[in-house]
Amino acid sequence: LIKELTSTSNLKLLIEKSPLPREDFYNELIASTPKDSQTLFIFPEIFYAQKFGEGAEQFHSGLNETKKAEVWESVRTGSTKTIFGTRASLFLPFENLSLIVVDYEHNENYNEKRQPNYNAVEAAEKLAKIWNIPLIIISSTPRVETWHKCQMSPLNGVKCQILDDNEKIMPITILDMADERRKGNFSVFAEKTTERIAANLAQDKQILLFINRKGESSATLCTDCGEVFKCEKCNGILTLHEENLLKCHKCKIQIEIPDNCYKCDSINLKSIGSGTEKIEKEISKIFSKAHVLRLDQETIAARKLDEKTLNKADILIATQIIDKPLDLPRLKLSIALTPDFLLNMPDFRATERVFQILTHIRHLTQNGEMIIQTFLSEHKLFKNLQENRMEDFYEDELAARKMLNLPPFN
């Protein structure tokens, strides 16, 4: 496989259906390149580059200007042979580049949102063409556009290799929360979910609770006129936090909860939905002896994302910040708490993003089990995940996008 990937100068897509042993694979790739040449490994965030590039030369925004200048010069002169970096490393002055590897290709952080705007994966394709060298793209859930390129390979020279290991695919249980409500269970957790958490805690296994929202609840609204409290600056929904503050996670502004509705002056205000803080309260009541650790932007800002600290926790409550290559050997049960909100985001890539994050969580939970609590139990996405039908997901998504004239068709 290594020989095939590094033999010819075109784009190769490597899809992993079970986690790839990264360090060994990278070392084999480096060993397969010409002795005096340079190899570039690109990652979506600093965390990835630091984790996989330990002991090697790195280039990212976490370095000071002096160190950046040193790396720049060493790459220009050819003394540095291997670089682990983020998207900015594409613009280093390489002396003799022979291979580019873009890992975790599906990650949205490959999009540069500042000027000049660019997508690092597309820029890497262009750089590979300039140098006439192989480009290897690795992902467990590639972007729909990349999958489409793979299917159209006779036209564009893309080669696709799927690494499949069905023995390691863990079971997924889909729980219909509408049924729970009909049974009189209005808790955040389904009855079976609570049972599985208790069983895993009894065996000293770790549990992950994935939820999309930070804070105490998803929104605050007026029950008389239906008005939802929004940010004056960006018009985004304000999230209620435990300290009785409404916060905008985009603009970083916060206000105290008003006494009445600013539209109809009613005092009948209600908080709806569940955030990480509320889930933390609920799970701590049920399992008071468990060590619970909440992971969202609020808490990560105060502590480093350290794997040793994460592994000490019995229950992890996390937002999409968990979408990183973490090593959690004790994690044997993952629970997605109503990912329906993500599916209903006003973004044509919403379904693709849910597929990616849930597949990643599935990979984190090695030799364990996964539960998805949803009000959309018949949604095709969940069925495809449960039955491990990756190809069916992409076929459905491409058909929908073609009908609506969306990328990659327009």
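Keep in mind it's a predicted model, so treat the numbers as computed, not measured. (Residues numbered from 1 in each chain as written. Predicted model: local features only at pLDDT ≥ 70, side-chain atom pairs only at ≥ 80, totals over all residues. Heavy atoms only, no water.)

Enquirer: Could you clarify how one ought to interpret the packing of aromatic side chains in this entry?
Expert: Two numbers describe a pair of aromatic rings. These are the distance of the centres and the angle of the planes. A full pass over the atoms with the stated rule returns 15 aromatic pairs. Centre to centre, the rings of F43 and F84 are 6.0 Å apart; their planes meet at 5 degrees, and the pair counts as stacked. In this pair, F43 is assigned in the loop between β2 (38-42) and α3 (46-52) and F84 in strand β4 (residues 82-85), connecting sequence segments 41 residues apart. Ring plane angle 70 degrees and centroid distance 5.1 Å describe the contact between F393 and Y394, whose orientation is recorded as edge-to-face. The same class applies to F393 as to Y394, namely buried. (Phe/Tyr/Trp six-rings, centres within 6.5 Å; stacked < 30°, edge-to-face > 60°. Helix = DSSP H or I, 4+ residues; strand = E, 2+ residues; numbered from the N terminus. Buried < 20%, exposed > 50% of the residue type's maximum accessible area, 1.4 Å probe, protein only.)

Enquirer: What exactly am I supposed to notice about empty space enclosed by the protein here?
Expert: Sizing a probe to match a water molecule and rolling it over the atoms shows the empty space that remains. Counted under the stated rule, the structure contains one cavity of 30 Å³ or more. Of the volumes computed, that of the largest cavity is approximately 130 Å³. In terms of lining, the largest cavity is formed by 13 residues, of which the most central are F355, T359, R362, N388 and M390. Listing elements by their share of the lining of the largest cavity, those giving two or more residues are α14 (350-364) and α15 (380-386). Looking at which element gives the most residues to the lining of the largest cavity, the answer is α14, with four residues. By residue class, the composition of the lining of the largest cavity is four nonpolar, five polar and four charged. (1 Å grid on protein atoms, 1.4 Å probe; cavity = no way out; pocket = protein on both sides within 12 Å on 5 of 7 lines; lining within 4 Å. Points joined across faces, edges and corners; volume = space filled by probe spheres on them. Nonpolar A, V, L, I, M, F, W, Y, C, P; charged D, E, K, R; others polar.)

Enquirer: So what exactly am I meant to see when it comes to helix α2 (residues 22-31) here?
Expert: In an α-helix, one turn spans 3.6 residues, which is why side chains three or four residues apart end up on the same side. Residues R22, F25, Y26 and L29 constitute the buried set of α2. Along the axis of α2, the buried residues cluster in a sector spanning 100 degrees; they form a single face. Away from its buried face by more than 90 degrees, α2 exposes D24 and A31. (Arc of directions from axis to C-beta.)

Enquirer: Before we go on, may I ask you to explain helix α6 (residues 144-151) in this structure?
Expert: Among the eight residues in α6, six count as buried, and that is most of the element. What α6 keeps buried is the set V144, E145, T146, W147, H148 and C150.

Enquirer: Please clarify how the layout of surface pockets should be interpreted in this entry.
Expert: Within this model, the second largest pocket holds a volume of roughly 630 Å³. In this structure, the second largest pocket is lined by 27 residues; those nearest its centre are P19, L20, L326, H363 and Q366. Elements with a contribution of two residues or more to the lining of the second largest pocket: α2, α3 and α14. By residue number, the principal contributor to the lining of the second largest pocket is α14, which donates four residues. Counted by class, the lining of the second largest pocket contains ten nonpolar, eight polar and nine charged residues.

Enquirer: Can you help me understand the nonpolar core in this one?
Expert: By size, the foremost hydrophobic cluster in this structure holds 63 residues, and its most contacted members are I100, V102, I322 and L358. Counting residues per element, this core draws most heavily on α14, at six residues. Beyond its immediate chain neighbours, meaning those up to four positions away, L358 contacts A336, M370, I372, F382 and L385. (Core = buried A, V, L, I, M, F, W, Y, C linked by side-chain atoms within 4.5 Å. Contact = heavy atoms within 4.5 Å.)

Enquirer: Help me out: how do you make sense of the sheet that holds β2 in this one?
Expert: Sheet strands pair by backbone hydrogen bonding; their relative direction is either parallel or antiparallel. Taken in spatial order, the seven strands make up an open sheet running β3-β4-β2-β5-β8-β1-β9, and their pairing is parallel. Only two strands of the sheet have a single partner each, and these edge strands are β3 (57-59) and β9 (159-163). Neighbour-to-neighbour, the strand axes of this sheet turn through a mean angle of 20 degrees, independent of strand direction. Sheet topology note: the β3/β4 ladder contains three bridges and is parallel. If you follow E57 over to β4, its bridge partner there is I83. Along the sheet face, helix α4 (residues 65-77) touches β2, β3 and β4 and points at about 115 degrees away from the line of β3. (Pairing = 2+ DSSP bridges. Axes fitted to C-alpha atoms, helices over the stretch in contact; angles between N-to-C directions.)

Enquirer: Looking at this structure, I do not really get the pairing of strand β1 (residues 11-16). What am I missing?
Expert: For a regular strand, the rule is simple: side chains alternate between the two faces of the sheet. In terms of residue burial, β1 counts as a mostly covered element, since six of its six residues are buried. In this sheet, β9 lies alongside β1 in parallel orientation, the contact comprising five bridges. Looking at β9, one finds that L14 is bridged to Q161.

Enquirer: Could you clarify how one ought to interpret unusual backbone geometry in this entry?
Expert: It is generally the case that most residues other than glycine have a negative phi and that most peptide bonds are trans. Cis geometry marks the peptide bond from Q115 to P116; its omega dihedral reads -5 degrees. Looking at the element boundaries, P116 is found in the loop between β6 (111-112) and β7 (118-119). The backbone phi angle of D204 is positive, close to 60 degrees, even though this residue is not glycine. Inspection of the secondary structure puts D204 in the loop between α9 (191-202) and β11 (206-210). You will see that T338, though not glycine, has its phi angle at about 50 degrees, which is positive. If you trace the backbone, T338 turns up in the loop between β19 (331-337) and α13 (340-343). A relative accessible area of 29% means that T338 is categorised as partly exposed.

Enquirer: How should I be thinking about the side chain of T146 in this particular structure?
Expert: Residue placement: T146 occurs in helix α6. Residue T146 is classed as buried on the basis of its relative accessible area, which comes to 4%. Excluding residues that lie within four positions of it along the chain, T146 makes contacts with L13 and E105.

Enquirer: Sorry if this is basic, but what is going on with the sheet that holds strand β17 (residues 292-295) here?
Expert: Pairing in this open sheet of six strands is parallel, and the strands run β10-β20-β19-β11-β18-β17 from one edge to the other. Because the sheet does not close on itself, it has two edges, and the strands there are β10 (172-176) and β17. Here the strands of the sheet are splayed against their neighbours by 15 degrees on average, with no regard to which way each runs. Note that β10 and strand β20 (residues 369-374) share five bridges and pair parallel.

Enquirer: Which parts of the structure should I look at to understand the environment of V102?
Expert: By the element assignment, V102 lies in strand β5 (residues 97-103). Since its relative accessible area comes to 1%, V102 is described here as buried. Between the C-alpha atom of V102 and that of A120, which follows or precedes it by 18 residues, the distance is 8.8 Å. Non-local contacts of V102, meaning those with residues more than four positions away in its chain, are made with I42, Y110, V121, A124, L135, I136, I137 and I138.

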